[in-house]
Amino acid sequence: MTRAIRKARKVTDKPSLIACKTIIGYGAPTKAGTAATHGSPLGKDEVAGARQKLGWNHPPFEIPEAVFSAWRKVGARGKSARRKWAKRHGAMTEPDRAEFDRRQSGDIPAAVGEVISAFKAKVAGEKPAWATRRSSQEVLEVINPVLPDTVGGSADLTGSNNTKTASLKPGTKAEPSGRYIYYGIREHAMAAAMNGMALHGGVIPYGGTFLVFTDYCRPSIRLAALMGLRVIYVMTHDSIGLGEDGPTHQPVEHLAALRAIPALQVMRPADAVETAECWQIALESKKTPSVIALTRQNVPTVRGAGDENLCRRGAYILAGEASAGVRLIASGSEVSLALGARDLLAKDGVAAAVVSMPSWELFAAQDDSYRQQVLGGDGTVRVACEAATGFGWQRWLGAKGAFVGMKGFGASAKAADLYKHFGITAEAIAAAARRLAQ
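Here the structure is a predicted model, which means the values were calculated and not measured.

This part takes up the packing of helix H8 (residues 187-200) against helix H9 (residues 214-227). Two quantities define a packed helix pair, namely the angle between the helix axes and the distance between the axes. Axis separation between H8 and H9 bottoms out at 6 Å; the angle between their running directions is 20°. One element, H8, and the other, H9, form an angle in the roughly parallel class. Here the hand of the crossing between H8 and H9 comes out left-handed. Each of Glu187, His188, Ala191, Ala192, Asn195 and Leu199 in H8 lies in contact with H9, whose residues at this interface are Tyr216, Cys217, Pro219, Ser220, Leu223, Ala224 and Met227. Within the contact of H8 with H9, the residues separate by chemical class into nine nonpolar, three polar and one charged.

What follows is about the environment of alanine 315. Mapping alanine 315 onto the fold places it in the loop between strand E6 (290-293) and strand E7 (316-319). Exposure remark for alanine 315: the relative accessible area of 0% places this residue in the buried category. Residues alanine 315 and valine 355, spaced 40 residues apart in sequence, show a C-alpha to C-alpha distance of 6.5 Å.

Our next topic: the packing of aromatic side chains. Per the counting criterion, the structure on display carries ten aromatic pairs. With 5.0 Å between their ring centres and 80° between their planes, tryptophan 360 and tryptophan 393 make a pair best called edge-to-face. Pair noted here: tryptophan 360 is in helix H13 (residues 360-364) and tryptophan 393 is in the loop between strand E10 (381-389) and helix H15 (394-397), with a separation of 33 residues, a long-range link. Grouping residues by exposure puts tryptophan 360 and tryptophan 393 together as buried. With 6.2 Å between their ring centres and 75° between their planes, tryptophan 360 and tryptophan 396 make a pair best called edge-to-face. Of this pair, tryptophan 360 sits in helix H13 while tryptophan 396 is found in helix H15, placing the two residues 36 residues apart along the sequence.

Our focus in this paragraph is the environment of serine 69. Mapped onto the fold, serine 69 is located in helix H3 (residues 65-91). Of the residues examined, serine 69 reaches a relative accessible area of 27% and is grouped as partly exposed. For serine 69 and glycine 184, which are 115 residues apart along the polypeptide, the C-alpha to C-alpha distance reads 45 Å.

What follows covers helix H14 (residues 368-375). Along H14, the positions that sit buried rather than exposed are Tyr370, Val374 and Leu375. Around the axis of H14, the buried residues are gathered within 120° of arc, so they sit on the same side. Of the exposed residues in H14, the ones pointing more than 90 degrees away from its buried face are Asp368 and Ser369. Against the buried residues of H14 lie E7, strand E8 (326-330), strand E9 (352-356), H13, E10 and H15. Where H14 terminates, the next one or two residues include glycine 376, which has phi positive at roughly 85°.

What follows deals with the layout of surface pockets. For the largest pocket, the calculated volume is near 250 Å³. Gly106, Ala198, Gly201, Arg230 and Lys286 are, among the 16 residues lining the largest pocket, the residues nearest its centre. Mapped by element, the contributors of at least two residues to the lining of the largest pocket are helix H4 (94-105) and H8. The biggest single contributor to the lining of the largest pocket is H4, with three residues. A class-by-class count of the residues in the lining of the largest pocket yields five nonpolar, six polar and five charged.

Quick notes on the rules
Residues numbered from 1 in each chain as written. Predicted model: local features only at pLDDT ≥ 70, side-chain atom pairs only at ≥ 80, totals over all residues. Heavy atoms only, no water. Axes fitted to C-alpha atoms, helices over the stretch in contact; angles between N-to-C directions. Helix = DSSP H or I, 4+ residues; strand = E, 2+ residues; numbered from the N terminus. Parallel < 35°, antiparallel > 145°, perpendicular 65-115°, else oblique. Left-handed = near helix turned anticlockwise from the far one by under 90°. Contact = heavy atoms within 4.5 Å. Nonpolar A, V, L, I, M, F, W, Y, C, P; charged D, E, K, R; others polar. Buried < 20%, exposed > 50% of the residue type's maximum accessible area, 1.4 Å probe, protein only. Phe/Tyr/Trp six-rings, centres within 6.5 Å; stacked < 30°, edge-to-face > 60°. Arc of directions from axis to C-beta. 1 Å grid on protein atoms, 1.4 Å probe; cavity = no way out; pocket = protein on both sides within 12 Å on 5 of 7 lines; lining within 4 Å. Points joined across faces, edges and corners; volume = space filled by probe spheres on them.

In structure tokens, the structure reads:
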């Protein structure tokens, strides 16, 4: 293998594919080269035959001195390199060494929280009707200049995911200091590469594609969760709200599938303020990967600013009183529909509180008293709305609950028409609440 690598480096400066010709179970007398060696023990006779074929006469679990010494030499090779590295590290100026150590530790500088707070105050005052994918780009515009750790990218959807900001230059062979990567149509490779960067440390990778294409990223997303890596997946076009691209591109089951992965944060912000808060959570989660699901369609600003990051709680009462007998629970673009339903119920004299629930995982981590305060007691009417399948929502609905959302795949039409066609409307939410309140 070493000879092959040396040859590949010598003959070309382009990527090389080295084919390793192997025989599964090599040496086993009757099972070599067959599926019988895969996934089950060889058995006493086959092991004995393989030992004889390989010339391995040592007892089980005994490491021959020659092998042991060779591995010791391999380990010793790094001693000199480590000493040289430590010398370079010690020779750095105090500010440079402190910055290097900060990045390697994964700590976030205070400036990040400061620019996010300022951003929240600005958009809460101006109340832009942005798609949350644009909100994400706008908050990255203030984060990236003060957080040099970030390395952004997209799987050939930069203009749609809004992952590139003005301060990020593309990383190339000629300009390796660039902090933006054009991955091409390689969602799986992008997610795997981001895992590698997170494992190395010193950088915070984030990459974008459409939410429906998390199917291609899923193996690496799962491994990021298993390994406890801070990788941020910017997943846009998060529902039927993407419109005319139709059901092939409209995710309906994907939120449920991602929420099923242990140790993964799935966050679906409702507006620009929540988007900023979700970015802050993702950046500060040193040992947890995050999916931020973002809209293609414009949504109104529904939140005020305030110093507290309410999204850290996973869910909170956005409008109404905790004493109300009805809870209207929603995430993302459907929060504004829940607010509209509250207004309709108010005309009937029915008091309802709207709960914005950007993250199930964060809400599940809260104590029982907070969860009951947000969701109400056992007799509370709870109606959830999300432009996705309802799988899993029963966890939050209780005995007097209903779900307004998707029951199958989407269709190709304008977003507003699709929401009406599939019955995901303020009127439908209000009607469900009235029915349960009777």
